[in-house]
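Chain by chain, the residues run as shown.
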Amino acid sequence: MVRKKGSLILCGAFLFVAWNALLLLYLWGRPPIGRLGEGVGAEPGGKDEWALGRGKGGRVNLAAEVIRLAEEVEIQLETQKELLKQIESHRASWARQNDVGKRESEDAKEVKQEVVHQPSTPPLPVKEKPPPEPVHTVSSHITVHKHQVISIKEDVAQSNELSTSVANPEVVIPVLVIACDRVTVKRSLDRLIQYRPSPALYPIIVSQDCGHADTARVIGSYGDQVTHIKQPDLSDIRVRPEHRKFQGYYKIARHYHWALNQVFNTFSHSTVVIVEDDLEVAPDFFEYFRALYPILRADPTLWCVSAWNDNGRDALVDPSRAELLYRTDFFPGLGWMLLKEMWNELEPKWPSAFWDDWMRQPEQRKDRSCIRPEISRTMTFGRKGVSLGQFFDQYLRYIKLNTEFVPFTKQDLSYLLKEKYDENFIKEIYGTHLVRIEDLQQGGGLKGPAPYRVQYSTRDSFKVFARNLGVMDDLKSGVPRTGYRGVVNFLYRGQRVFLAPPEGWTKYDVSWS
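Residues numbered from 1 in each chain as written. Predicted model: local features only at pLDDT ≥ 70, side-chain atom pairs only at ≥ 80, totals over all residues. Heavy atoms only, no water.

## Examining the packing of aromatic side chains
Here's step 1: Per the counting criterion, the structure on display carries 23 aromatic pairs.
Here's step 2: Between Trp336 and Trp355 the ring centres are 5.7 Å apart and the planes differ by 20°, which places this aromatic pair in the stacked class. Taken together, the residues Trp336 in strand β8 (residues 336–339) and Trp355 in helix α9 (residues 355–359) connect sequence positions 19 residues apart.
Here's step 3: Look at Trp336 and you get buried, because its relative accessible area is 2%. (Phe/Tyr/Trp six-rings, centres within 6.5 Å; stacked < 30°, edge-to-face > 60°. Helix = DSSP H or I, 4+ residues; strand = E, 2+ residues; numbered from the N terminus. Buried < 20%, exposed > 50% of the residue type's maximum accessible area, 1.4 Å probe, protein only.)

The following block contains the structure:
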């Protein structure tokens, strides 16, 4: 643009010099004035062409002729003077525009350098300079436009957008707390707020069913630290006579359906971590889900991430290996992450009751797995509930809660992707020593170092071995709790043990349920 304008200036100067040169040549080479009595002018037959003034006696008035010529020259000089003024005016305006363009370009360059060298901190917003007014001159084809300034302003705006995306690239992961009539929801909320690293990245949505006033007051006492929503339909659900005692399970399923629709369709989140009002979370609860979100997003053979280990009792886990993570074919629940795409698949066929066991059916699971930890990142303290505390007293109260913060976001977790995981998993499991359960229990007959493998081949043998080794023995749609490819992984008397089917396992037998 500047080069083009410089060319116009040179062209104008050249025309000025050329015009004056032509004018002088024209005047200098003018033919002599005709003689007395001859009708001769500058051109043949041009009697009136020059219209020379004649004095008395037909003599030519030379003084008048000189004056006339001088006036012509003066008129031409005035024209050239106007041209020079216009050129000077354009040159000054172009210089001003060039100066503004340089300043804007330097500002844009500074912003881009900030984005490159300081990606973790968003730069201050760049204030745009007001564009200069267009300069209008006599020559309409040399009007100065604002295109250059507009393009520079667009560069600055793009730089600001880039700095925002670099400074805050993380997805928002809301936590949905399912609540009813437990005022002890305060314990759960206190821990969530205590360990939450960012309210913006981890908004807490408390969805309350039951219409319990005291619980509503507890939730309301947190003010804008949480978002309190209330399930509007508190009516009883019509069920079969034999299911009247399960009315609570029907209401829970209805509540989950409504609350998840709120998260994904009303609040428009892309993922969610679901906890219930009787769960306490570990210090690295948010770190755990933040690190595993991209793994869940990248691997179509995964459909959830859970904070829970069903066999997470103190004696069954390694307290020195809080960083260990596993794939599992069993849906654990009790603090779990779900993507919107998965909810879109599940929502149209959501069950009217027993939603967690429904999730474990082959029609829903579709051979997909979840991620679960060695040591649980949630712990339940709620004996009161629809299960009347029986399951709590027998198993849940003994689950160990992790207390060590593990920086999962700084670790390479790609080993959890199915291709890598399965190859190493099969080698590890079936490359270990096969032992009898009696050898494990007695300890004297073991050959070689741990880990050890105990093999089962039928439903009954699995249940007998599981009970004797202290792990949960129930199966859902043929899948054992924490099982992956039929293998249950745990510690027994401080040694790693794999309770596994024979090598060559292919699929679960739903008749084992």
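Here the narrative resumes.
## Let's talk about the sheet that holds strand β2 (residues 204–208)
Here's step 1: Sheet architecture is open: eight strands sit in the order β3-β2-β1-β4-β8-β6-β9-β7, paired in mixed fashion. Of all the strands in the sheet, the pair left with one neighbour each is β3 (227–230) and β7 (325–328). On average, each strand axis in the sheet is tilted by 25° relative to the strand beside it, whichever way the strands run.
Here's step 2: Across four bridges, the pairing between β2 and β3 is parallel. Opposite Val206, over in β3, you have His228 as the bridge partner. (Pairing = 2+ DSSP bridges. Axes fitted to C-alpha atoms, helices over the stretch in contact; angles between N-to-C directions.)

## Remarks on the pattern of salt bridges
Here's step 1: Considering all chains together, one arrives at 28 salt bridges under this definition.
Here's step 2: A salt bridge links Arg297 to Glu341; the shortest N-O distance between them is 2.9 Å. With a gap of 44 residues between them, Arg297 in helix α7 (residues 285–298) and Glu341 in helix α8 (residues 340–346) connect regions that are remote in the sequence.
Here's step 3: Judged by its relative accessible area of 33%, Arg297 is partly exposed.
Here's step 4: Overall, Glu341 belongs to the partly exposed group, its relative accessible area being 46%.
Here's step 5: Measuring nitrogen to oxygen at the nearest pair gives 3.3 Å for the salt bridge that ties Arg436 to Asp439.
Here's step 6: Exposure remark for Arg436: the relative accessible area of 53% places this residue in the exposed category.
Here's step 7: Taking the relative accessible area as the measure of exposure, Asp439 reaches 13% and is therefore buried.
Here's step 8: Salt bridges sharing partners connect three or more residues here, namely Arg182, Asp277 and Asp278. (Salt bridge = Lys/Arg side-chain N within 4 Å of Asp/Glu carboxyl O.)

## Brief notes about helix α14 (residues 459–469)
Here's step 1: Along α14, the residues classified as buried are Ser461, Phe462, Lys463, Phe465, Ala466 and Leu469.
Here's step 2: Elements that come into contact with the buried residues of α14 comprise α13 (437–442), β12 (452–455), β13 (475–476), β14 (479–480), β15 (488–492) and β16 (495–500).
Here's step 3: Directly beyond the C-terminal end of α14, a positive phi value near 90° is found at Gly470. (Contact = heavy atoms within 4.5 Å.)

## Describing empty space enclosed by the protein
Here's step 1: Per the counting criterion, the structure on display carries one cavity of 30 Å³ or more.
Here's step 2: As for the largest cavity, its lining consists of Tyr326, Arg327, Arg372, Tyr421, Phe425, Ile429, Thr482, Tyr484, Val487, Asn489 and Phe498.
Here's step 3: Elements that contribute at least two residues to the lining of the largest cavity include exactly β7 and α12 (418–430).
Here's step 4: Counting residues per element, the lining of the largest cavity draws most heavily on α12, which supplies three residues. (1 Å grid on protein atoms, 1.4 Å probe; cavity = no way out; pocket = protein on both sides within 12 Å on 5 of 7 lines; lining within 4 Å. Points joined across faces, edges and corners; volume = space filled by probe spheres on them.)

## Notes on the side chain of Thr271
Here's step 1: Positionally, Thr271 belongs in strand β4 (residues 271–276).
Here's step 2: Look at Thr271 and you get buried, because its relative accessible area is 0%.
Here's step 3: At 3.0 Å, the side chain of Thr271 and the backbone oxygen of Leu338 are in polar contact.
Here's step 4: For Thr271, the contacting residues outside a window of four places in its chain are Val172, Ile173, Pro174, Val263, Phe264, Tyr293, Met337, Leu338 and Leu339. (Polar contact = N/O pair within 3.5 Å; in protein donor to acceptor, adjacent residues only side chain to side chain.)

## Re unusual backbone geometry
Here's step 1: Across the junction of Ala450 and Pro451, the peptide omega takes the value 10°, indicating a cis bond.
Here's step 2: The residue Pro451 is located in the loop between α13 and β12 in this model.
Here's step 3: You will see that Phe354, though not glycine, has its phi angle at about 50°, which is positive.
Here's step 4: Tracing the chain through its elements places Phe354 in the loop between α8 and α9.
Here's step 5: Residue Arg485 is not a glycine yet carries a positive backbone phi of 50°.
Here's step 6: Position of Arg485 among the secondary structure elements: in the loop between β14 and β15.

## As for the nonpolar core
Here's step 1: One finds Val177, Leu189, Leu192, Phe285, Tyr288 and Leu292 to be the most contacted residues of the largest nonpolar core, which totals 53 residues.
Here's step 2: When residues of this core are assigned to their parent elements, the largest contribution, nine residues, is made by α7.
Here's step 3: For Leu189, the residues in contact, after removing those within four places along its chain, are Val177, Ile204, Val206, Tyr222 and Val226. (Core = buried A, V, L, I, M, F, W, Y, C linked by side-chain atoms within 4.5 Å.)

## Here's the deal with the confidence of the model for the protein chain
Here's step 1: When pLDDT is averaged along the protein chain, the result is 79; 66% of the residues meet or exceed 70.
Here's step 2: In this model, residues 100–168 is a region of pLDDT below 50 whose contacts with residues beyond four sequence positions or in other chains number 57 contacts. (pLDDT = per-residue confidence, 0-100.)

## Some details on the side chain of Ser369
Here's step 1: Structurally, Ser369 is set in strand β9 (residues 369–373).
Here's step 2: With relative accessibility at 3%, the residue Ser369 sits in the buried group.
Here's step 3: Among the polar contacts listed, one links the side chain of Ser369 to the side chain of Asp329, at a separation of 2.9 Å.
Here's step 4: When neighbours within four sequence positions are excluded, Ser369 is seen to be in contact with Thr301, Leu302, Trp303, Cys304, Arg327, Thr328, Asp329 and Tyr484.

## Remarks on the state of the cysteines
Here's step 1: A complete count under the given rule lists two disulfides for this structure.
Here's step 2: Residue Cys180 pairs covalently with Cys210 via a disulfide, S to S 1.6 Å. Taking the sign of the S-S torsion, -90° for the link of Cys180 and Cys210, the bridge is left-handed. Within this pair, whereas Cys180 is found in the loop between β1 (175–179) and α4 (185–195), its partner Cys210 is found in the loop between β2 and α5 (213–220), the two being separated by 30 residues in sequence.
Here's step 3: For Cys210, a relative accessible area of 37% gives the class partly exposed.
Here's step 4: Each sulfur in the disulfide pair Cys304 and Cys370 lies 2.0 Å from the other. Disulfide Cys304-Cys370: torsion about the S-S bond near 120°, hence right-handed. A residue pair is termed long-range when its members are at least 10 positions apart, and Cys304 in strand β6 (residues 302–306) and Cys370 in strand β9 qualify at 66 residues.
Here's step 5: Listing the disulfide partners of the protein chain by sequence rank of the bonded cysteines yields 1-2, 3-4. (Disulfide = S-S within 2.5 Å.)

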